[in-house]
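Each chain, written out:
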Amino acid sequence: MRVIGIETSCDETGVAIYDAQRGLLAHALHSQVALHAEYGGVVPELASRDHVRKVLPLLREVMAQARIGAADIHGVAYTAGPGLAGALLVGAAIGRSLAWAWGVPAVAVHHMEGHLLAPMLEPDPPDFPFIALLVSGGHTQLVRVDGVGRYHILGESLDDAAGEAFDKTAKLLGLGYPGGPALARLAGQGDPRRFQFPRPMTDRPGLDFSFSGLKTSAVNTWRAHGMVDEVRADIACAFQEAVVDALSIKCRRALEQTGVRRLVVSGGVSANTALRVRLGEMARDAGAQVYYPRLEFCTDNGAMIAYAGYRRLQAGQAEPLAFSAMARWPMDGLSPP
Ligand code: KG4
Ligand code: ZN
């Protein structure tokens, strides 16, 4: 079985082809960063229009890369939510139309299920059950995963997602959009001993997170020191340390509470080097193993959607011709395929 995956939930257009026997055959990604940069953030209408322009050229590109034609495709998977409604509808409309034209089934994929299953594309994939730490721009969740579609949310952010906190803090420190990776780079040059920010919600039981207070700590410290360049790296470092520490403490707690010894970390923030180092130390200490997608599949991509779609299509799931998109879509409402 060969499945096309289409991702258009936010500011990246991703298309990929997954083959049940041979694995990932091809993938292509177009980032809209340059399009939104002058506005300092994602403009939803511009995002939708750009997805319209890019999906089919990227599809032609991956089919050429994989040297396959339409007759070699057995299903189409597209991200149906959560995300920007207009952007999602582009992928949904094109995905359903292709499936209809080619006479193959289409399947709607949950974006966070895509992230969660992304490490399955790697050579040494985790067995079920595992604990997943999903850290993206829109979500921070700890999930117990017992199989495809068998998800139990253990904890989540009560306010900003980890990636959102990175982006907002970066903006407040004048680092522009997209701020997360820029803030992480700057943090690498900072002195971790100079400032100490709180570790939100780590002193009480439970597995929820809260990150919105950290941007206030960062901006207050920045103002108190005259907003000079000289302190910016140290503030970035203190912020990153606090996020990484809070995530690591909750991951350890989730592993201990469940007795599960496999931790999957996925979503844009899983590309963060400091987080990987800290989780590596924590896992060694806790006797657990950590699994990541390769770096380019930590952030949004079509490959994870093709794979998640393949798992559902293979189990017999397919959608009727009518389609919808969900700007909000709780993952614990999913059922096994
Ligand atoms: O998964 P993703 O591509 O999109 C969503 O589903 O939201 O995640 C994007 C998020 C952004 O907030 C971005 O700032 C953050 O991931 N991010 C990072 C890093 N790379 C991306 N945050 C911290 N350190 C990084 N290296
Ligand atoms: Zn994502």
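Residues numbered from 1 in each chain as written. Chains lettered and ligands numbered in written order. Predicted model: local features only at pLDDT ≥ 70, side-chain atom pairs only at ≥ 80, totals over all residues. Heavy atoms only, no water.

Engineer: Summarise the pattern of salt bridges; cite the residues concerned and give the values.
Structural biologist: The final tally for this structure, using the stated rule, is 19 salt bridges. With its nearest N and O atoms 3.2 Å apart, the salt bridge here joins Glu164 to Lys168. Here Glu164 and its partner Lys168 are both found in helix α5 (residues 162-172), 4 residues apart, which amounts to about one turn of the helix. The residue Asp245 makes a salt bridge to Arg278 at a minimum N-O spacing of 2.5 Å. With a gap of 33 residues between them, Asp245 in helix α8 (residues 229-258) and Arg278 in helix α9 (residues 273-286) connect regions that are remote in the sequence. Via salt bridges that share partners, Asp160, Glu164, Lys168 and Lys215 belong to a single interconnected network. (Salt bridge = Lys/Arg side-chain N within 4 Å of Asp/Glu carboxyl O. Helix = DSSP H or I, 4+ residues; strand = E, 2+ residues; numbered from the N terminus.)

Engineer: Give me the lowdown on the coordination of the zinc ion (ligand 2), citing residues and values where you can.
Structural biologist: Distances from the zinc ion (ligand 2) to its protein donors, His111 (NE2), His115 (NE2) and Asp300 (OD), fall within 2.0 to 2.1 Å. The motif formed by the donor residues of the zinc ion (ligand 2), counted along the single chain, is H-x3-H-x184-D. Of the two residues, His111 and His115 are both situated in helix α4 (residues 111-117); the distance of 4 residues between them amounts to about one turn of the helix. For the pair His111 and His115, one class covers both residues: buried. (Donors = N, O, S within 2.8 Å, 3.2 Å for Na, K, Ca; no water. Buried < 20%, exposed > 50% of the residue type's maximum accessible area, 1.4 Å probe, protein only.)

Engineer: Give me the nonpolar core: which residues, what numbers.
Structural biologist: Leu133, Phe197, Phe211, Leu263 and Leu279 are the most contacted members of the largest nonpolar core, which has 47 residues in total. Broken down by secondary-structure element, the contributors of at least two residues to this core are β6 (130-135), α5, α6 (179-187), α7 (212-224), α8, β9 (262-266) and α9. Considering every element that reaches this core, the biggest residue donor is α8, with 15 residues. The residues contacting Phe197, other than those within four sequence positions of it, are Leu214, Ser217, Ala218, Thr221, Ile235, Ala238, Phe239 and Ala242. Counting residues in hydrophobic clusters, the runner-up holds 33 residues, among them Leu116, Phe130, Ala303 and Met331. (Core = buried A, V, L, I, M, F, W, Y, C linked by side-chain atoms within 4.5 Å. Contact = heavy atoms within 4.5 Å.)

Engineer: Describe the sheet that holds strand β1 (residues 2-7), naming the residues involved and giving the relevant values.
Structural biologist: The sheet built from 5 strands is open, its strands ordered β3-β2-β1-β4-β5 with mixed pairing. At either end of the open sheet lies a strand with only one pairing partner, and these are β3 (23-31) and β5 (106-110). Between one strand axis and the next, the sheet turns by 20 degrees as a mean value, whatever way the strands run. In this sheet, β5 lies alongside strand β4 (residues 75-81) in parallel orientation, the contact comprising 5 bridges. Bridge pairing in β5 places Val76 opposite Ala106. Sitting on the sheet, helix α10 (residues 303-314) touches β1, β2 (12-19), β3, β4 and β5, and the angle it makes with β1 is about 130 degrees. (Pairing = 2+ DSSP bridges. Axes fitted to C-alpha atoms, helices over the stretch in contact; angles between N-to-C directions.)

Engineer: An account of the site of ligand 1 is requested, with residue identities and associated values reported.
Structural biologist: Every one of the 18 residues lining ligand 1 counts as a neighbour, but His115, Gly137, Asp167, Asn272 and Asp300 are closest to it. Residue Asp167 places a side-chain N or O atom 2.5 Å away from an oxygen atom belonging to ligand 1. Computed on the free molecule, ligand 1 has an accessible area of 560 Å², of which 86% lies beneath the protein chains in the complex. Of all the secondary-structure elements, those providing two or more residues to the shell around ligand 1 are α4, α5 and α6. Taken together, the residues that form the shell around ligand 1 break down as 5 nonpolar, 11 polar and 2 charged. (Near = heavy atom within 4 Å. Polar contact = N/O pair within 3.5 Å; in protein donor to acceptor, adjacent residues only side chain to side chain. Areas by Shrake-Rupley, 256 points an atom, 1.4 Å probe, with all protein chains shown as cover. Nonpolar A, V, L, I, M, F, W, Y, C, P; charged D, E, K, R; others polar.)

Engineer: So, the environment of Ala274: which residues are in play, and what are the values?
Structural biologist: As for its placement among the helices and strands, Ala274 is situated in helix α9. On the accessibility criterion, Ala274 (22% relative accessible area) is partly exposed. In sequence terms Ala274 and Val244 are 30 residues apart; their C-alpha atoms lie 7.1 Å from each other. Excluding its chain neighbours within four sequence positions, the residues that come into contact with Ala274 are Gln240 and Val244.

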